Amino acid sequence: VAYKGDDLSGRYGLERYYEDVLKRNNDAVFVNFFAEIFSNINNALSSDSALEGDVVTSIEPSVQAMLEQVVQDSQDTWSSEETAGIVMDPMTGAIYAMATVPTFNLNDFQSEKSTGVYANHMVERVYEMGSILKPITMATGLDTGAVTRQSVYNDTGQIKVNGRTISNYDGKARGVVSVQEILNQSLNVGSAWVEQKIGNATFAKYMMDFGFGSETGID
């Protein structure tokens, strides 16, 4: 929470996203400490207007503490520019822990030299998915019948698509191999070959059906 012009508001993360839920109509909140001694704390808290609402996260403190330590240890070991991790319930999608370094002191955030450290890049950055799309492409190929488990192709090491040359990560050809090797070796040429077998229009429809291009619905 920080000032934006003359207004005090959530600037990053949950505080910003849920500003309309968490905001007060004014900040004239005070605690009568004498009343607090003799009555419930809720009765001792006074304000001209109540909070709009509450936000309850799925974060588990012990898991969060563990992940923060693991992420920091990994950063110290490998000296990466950024290290991050998420612990998720695979059945529900609930986030039990989320950590990234470099990080900052929430109680002294104004001392940071760069505001870039405030953003949680795991949920606020757009990035190229890369090889994540290979199993999606293969699933589409199998579902449409464009390829089967027994299909083979001639991997030449590179392929031209729309005037651009797509190569395998090492630039090497594999010769005649099964489609399973596309996933085993993360072959770019093979993935492009499968997409061509599927056809652009069908492939595009499947990507939309998978949900690509749409918001996840997860806060």
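Computed from a prediction, not measured in an experiment: that's the story for all the values here.

1. Some details on the pairing of strand E7 (residues 152–155)
On any regular strand, side chains alternate: one points to one face of the sheet, the next to the other face. Burial along E7 is one-sided: the face carrying Tyr 153 and Asp 155 is buried and the face carrying Val 152 and Asn 154 is not. Here E7 pairs with strand E10 (residues 175–178) via four bridges, running antiparallel. Within E10, the residue paired with Asn 154 across the bridge is Val 176.

2. Topic: the packing of helix H7 (residues 133–144) against helix H9 (residues 188–198)
Orientation of H7 relative to H9, taken along the N-to-C sense of each, is 35°, at an axis distance of 9 Å. Helix-helix and strand crossings are classified by hand; for H7 and H9 the assignment is left-handed. Counted together, Lys 134, Thr 137, Met 138, Thr 140, Gly 141 and Thr 144 of H7 and Asn 188, Ser 191, Val 194, Glu 195 and Ile 198 of H9 form the full contact between these two elements. Of the residues belonging to the contact of H7 with H9, the class tally is three nonpolar, six polar and two charged.

3. Quick look at the pattern of salt bridges
Between side chains of opposite charge, pairing is possible as soon as their charged atoms come close. This structure, assessed with the given rule, holds two salt bridges. Taking the shortest distance from any N to any O, the salt bridge between Arg 174 and Asp 170 comes out at 3.0 Å. Lys 205 is the salt-bridge partner of Asp 209, the closest N and O atoms lying 2.8 Å from each other. Of the two residues, Asp 209 and Lys 205 both sit in helix H10 (residues 200–210), four residues apart, roughly one turn of that helix. Since its relative accessible area comes to 54%, Asp 209 is described here as exposed.

4. Overview of unusual backbone geometry
A cis amide bond links Val 101 to the next residue, Pro 102, at an omega of 5°. Here Pro 102 is to be found in the loop between strand E6 (95–101) and helix H6 (121–124). With a phi close to 55°, Ser 79 is a non-glycine residue in the positive phi region. Within the fold, Ser 79 resides in the loop between helix H5 (61–78) and strand E5 (83–88). Judged by relative accessible area, Ser 79 falls into the exposed class, the value being 62%. With a phi close to 50°, Asn 162 is a non-glycine residue in the positive phi region. Relative to the elements of secondary structure, Asn 162 occurs in the loop between strand E8 (158–161) and strand E9 (164–167).

Rules used throughout
- Here, residues in each chain are numbered from 1, in the same order as that chain's written sequence.
- Reporting of local features is limited, given that this is a predicted model, to residues whose pLDDT is at least 70; pairs of side-chain atoms are given and counted only at 80 or more, and all residues count toward the totals for whole chains, interfaces and linings.
- Where side-chain values are given, they derive from all heavy atoms of the structure, hydrogens and water being excluded.
- Only protein chains enter the accessibility calculation, which uses a 1.4 Å probe; a residue is then buried when its area is under 20% of its type maximum, exposed when over 50%, and partly exposed in between.
- Secondary structure is summarised from DSSP: a helix means a run of H or I of at least four residues, a strand means a run of E of at least two, and numbering begins at the N terminus for each.
- In this analysis, strands are considered paired if DSSP registers two or more bridges between them.
- Fitted lines through C-alpha atoms give the axes, limited to the stretch in contact for helices. The angle between two N-to-C directions lies from 0 to 180 degrees.
- The handedness criterion is simple: a crossing whose near helix is rotated anticlockwise from the far helix by less than a right angle is left-handed, and one whose near helix is rotated clockwise is right-handed.
- In what follows, residue pairs with any heavy atoms lying within 4.5 Å of each other are defined as contacts.
- Each residue gets one of three labels, nonpolar for Ala, Val, Leu, Ile, Met, Phe, Trp, Tyr, Cys and Pro, charged for Asp, Glu, Lys and Arg, and polar for the others, Gly among them.
- Whenever a carboxyl oxygen of Asp or Glu lies within 4 Å of a side-chain nitrogen of Lys or Arg, that contact is scored as a salt bridge.

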